[in-house]
Amino acid sequence: MENDSAFVAPEGVYSVTEEHKPPILPALSSTTQLYPTRLSTVTVHFNHSKHASSPGLAQLLGANLNKDLRRDREREKERDRDKEKQQPDDRSLSSSDTPDDNFTPPDVTSPQTTTVQDLLVSQEHHHKLFAHPSVSGKKKASSSKPKHNMRTTSSTFITRMQSVEGLNKFLANKQGEVTFMFCNSGKTFLWYEVGTKAKEPLTRISFSAFPTCHDVNTLTASPERLDVVIGFNTGDLVWFDPIASRYGRLNKQGSISSSPCTAVRWVPASSTLFLVSHADGTIIVYDKERDDGVFSVTVPTTQTSNPYFPQSNSHLSQNQSQPAGEWDPLTTMYVTVPPWHPEANVSGGARADKGVAKNPVSHWRLSKRAVVDFAFSPDVKHVAAISEDGCLRVIDAFAEQLVDCYASYFGALTSVAWSPDGRLILTGGQDDLLTIFSPWEQRVVARCQGHSSFVSAVAFDAPKCDGRTYRFGSVGEDNKLILWDFSSGTLHRPKLQHGHHPRVSMASSISLAAAYRRGTGSATQLSTPKYHPAPSRNEVSAVQPVLVCYRPSVIVVYLPNVRFTQVKHIEADMLCCLTFIPRALLTATKFGHVRMWVRPLVIPGNPRRRTHGRQVLSISDLQDVG
């Protein structure tokens, strides 16, 4: 039954029910760099329509009881929020003074169960990255909205904006759960509603620069607003609310960094903070509430030149090719503190900009090569970043320190994802492999062999990950869409040869992770090195795919002519993006051809189609694995 629009998985048939073809692309010269399409999605809950189809008894009597009740509830909630803000707190708020920036992971398990997340997240401490003084010294009740109207703007950076007719009325009539999708294609940014089969996007925006990455804030998403950040090849950033058609600009004209943006992620559980990776090997922390500041980046030259890292580094001698005293990106990350940072050491007495916080919040230099992508751990405390130097770096975001650095088997890494329970990190690379890392065991768990070209994107299917079995997918430049099922039973059978050092036990790894979380671990106290070379093939177990769906495709580029339209077939349009949503999986090609593959129907009582409930591993599960 497999064809270009359907494939059979163990749980049933996935079929294409919706697709969006790329807009007409202009003629591309040989020197033009085309940035691949990226997808970001968000699900918004719309309340039922305020006006019922037929009047009820209360309406006939002239009473708006429901409206009054809702108004009273909203007033009570506002009073409760005001009381919470007035309570004394030893923690400083973020630049926007919203309590949600001081993140505390939610309790997702029952009180009777002791989990790894409870063990590692206990005794939460709030670090300076997530706790900055107020910009104005006053507390804000809520985060602000973008300043400028995109429809009436005179900015040359935004060349055109088109929306469907009656967009506001269309959104006002929405009910229930609605999934929106954002994607970039060429110099165009598109906003779709998933599942409507509408051919035209809700909004189409054309820019003078190329959008390269984007992300939507799931915390602030509501029927009234959506916070979307778009990164560009010029380094510019646009904070955009598609519902209000308003926008704001950050890093305008590359005032902070002119290097192309490679990835952008909102800090989970924060309404204002987001991270942006750049092609110059840096990650910059921004706050959408702040203006751009005058910021000069310190270029690392020696290991001891940065006062932000006073501790010595005992692992510099491990890399013999690194000259003595030179910054080693395999063992440390270099943090430049802006002058308005509360802990910045500014010579000459007090800071001239005291009380005025600006962007950036912080500046991380990870590599001498481009940072390709990064992902937050589920508890938001760590960041997994990949770069063109072929390294996966695990970063303690609160301490702003490098925890571990893992080398790829060959070539650069191209994609990264963190498992829903935080136990595994998945990467894809130019070695045609998917690699599964266990950050708590500090080792490579398995490699997945199935692609015959570079892996473009990887993603976990959260509803089908239960802590023992993990479902994830990948797409590559070979135009293969592959689904994988990885069982924890594989961890018991690593292909280790005699004479190699034994792997770190799970008990000692938990102690290592807990030491970092409690703040008791440091580079001088830990005996394990930060840099981990790639193990050979016969040292690591291999995982075979569940299914391989090959999708040949040829892109058609329309070249406008004076008298007629020419149709020119160029190179195959390669798959470059994969996203799982509750009802389907989404794939996108480099030129912007998006397809929605709807999940198979689950028949109650059918033993062949087992569903997975999302859980967090308990201590007993980890002991079984070790």
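As a reminder, the structure under discussion sits directly above these lines.
Residues numbered from 1 in each chain as written. Predicted model: local features only at pLDDT ≥ 70, side-chain atom pairs only at ≥ 80, totals over all residues. Heavy atoms only, no water.

Draft legend 1. Broad picture of the packing of aromatic side chains. Going through the model one piece at a time under the given rule, you end up with 19 aromatic pairs. Aromatic rings pair up to connect Phe 46, Phe 180, Phe 182, Phe 189 and Trp 191 into one cluster. Between the NZ or CZ atom of Arg 249 and the centre of the ring of Phe 157, over which it lies, the distance is 4.3 Å. The aromatic ring of Phe 374 is capped on one face by Arg 265, whose charged end is 5.7 Å from the ring centroid. (Phe/Tyr/Trp six-rings, centres within 6.5 Å; stacked < 30°, edge-to-face > 60°. Lys NZ or Arg CZ within 6 Å of the ring centre and 35° of its normal.)

Draft legend 2. Highlighting the sheet that holds strand β26 (residues 455-460). Across the sheet, which stays open at both edges, the 4 strands sit in the order β26-β27-β28-β31 with antiparallel pairing between neighbours. This sheet does not close on itself; its edge strands, each paired only once, are β26 and β31 (547-550). In this sheet, neighbouring strand axes are inclined to one another by 20° on average, regardless of whether the strands run parallel or antiparallel. One ladder, built from 7 bridges, connects strand β27 (residues 469-476) with strand β28 (residues 480-487); its direction is antiparallel. What sits directly across from Gly 473, in β28, is Leu 483. (Pairing = 2+ DSSP bridges. Helix = DSSP H or I, 4+ residues; strand = E, 2+ residues; numbered from the N terminus. Axes fitted to C-alpha atoms, helices over the stretch in contact; angles between N-to-C directions.)

Draft legend 3. Spatial organisation of the sheet that holds strand β30 (residues 541-543). Strand order in the open sheet made by the 5 strands is β22-β23-β24-β25-β30, with mixed pairing throughout. Of all the strands in the sheet, just β22 (413-418) and β30 have a single pairing partner and so form its edges. This sheet shows a mean twist of 25° between the axes of neighbouring strands, independent of strand direction. Sheet topology note: the strand β24 (residues 433-438)/strand β25 (residues 443-449) ladder contains 6 bridges and is antiparallel. Looking at the pairing, Leu 433 lines up with Gln 449 of β25.

Draft legend 4. Molecular detail of the side chain of Arg 365. Of note, Arg 365 is situated in strand β17 (residues 362-365). Here Arg 365 occupies a buried position and makes no salt bridge, while the nearest side chain of opposite charge, Asp 280, is found at 4.8 Å. In this structure the side chain of Arg 365 is engaged in a polar contact, spanning 3.5 Å, whose partner is the backbone oxygen of Asp 280. Sequence-distant contacts of Arg 365, that is, excluding residues within four places in its chain, are made with Asp 280, Gly 281, Thr 282, Val 297, Pro 300, Trp 327, Met 333 and Tyr 334. (Buried < 20%, exposed > 50% of the residue type's maximum accessible area, 1.4 Å probe, protein only. Lys, Arg positive; Asp, Glu negative; His and termini not counted. Salt bridge = Lys/Arg side-chain N within 4 Å of Asp/Glu carboxyl O. Polar contact = N/O pair within 3.5 Å; in protein donor to acceptor, adjacent residues only side chain to side chain. Contact = heavy atoms within 4.5 Å.)

Draft legend 5. Geometry of the nonpolar core. By size, the foremost hydrophobic cluster in this structure holds 28 residues, and its most contacted members are Phe 180, Phe 182, Trp 191, Leu 226 and Phe 240. Secondary structure elements with two or more residues in this core: β3 (39-46), β5 (158-163), α4 (167-172), β6 (176-185), β7 (188-193), β8 (203-207), β10 (228-232) and β11 (237-241). Those residues in contact with Phe 182, other than ones at most four positions away along the chain, are Arg 38, Leu 39, Ser 40, Val 42, Phe 189, Leu 190, Trp 191, His 214, Val 216, Leu 226, Val 228 and Pro 242. Listed in part, the 23 residues of the second largest apolar core include Val 383, Ala 397, Leu 402 and Cys 405. (Core = buried A, V, L, I, M, F, W, Y, C linked by side-chain atoms within 4.5 Å.)

Draft legend 6. Here's a closer look at the pattern of salt bridges. Under the definition given, this model contains 14 salt bridges. Salt-bridge contacts for Arg 249 lead to Asp 236; the nearest nitrogen and oxygen are separated by 2.8 Å. With Arg 249 in strand β12 (residues 246-250) and Asp 236 in the loop between β10 and β11, the pair connects residues that are 13 residues apart, well separated along the chain. Judged by relative accessible area, Asp 236 falls into the buried class, the value being 3%. A salt bridge links Glu 441 to Arg 443; the shortest N-O distance between them is 3.2 Å. Pair check on accessibility: Glu 441 and Arg 443 agree, each one buried. Through salt bridges with shared partners, one network takes in Glu 11, Arg 471 and Asp 485.

Draft legend 7. Examining unusual backbone geometry more closely. The omega angle of the peptide bond from Asn 359 to Pro 360 is 5°, so this bond is cis rather than trans. If you trace the backbone, Pro 360 turns up in the loop between β16 (334-336) and β17. For Lys 197, which is not glycine, the phi torsion reads 60° and is therefore positive. Structurally, Lys 197 is set in the loop between β7 and β8. With a phi angle near 65°, Asp 432 is a residue other than glycine that sits in the positive phi range.

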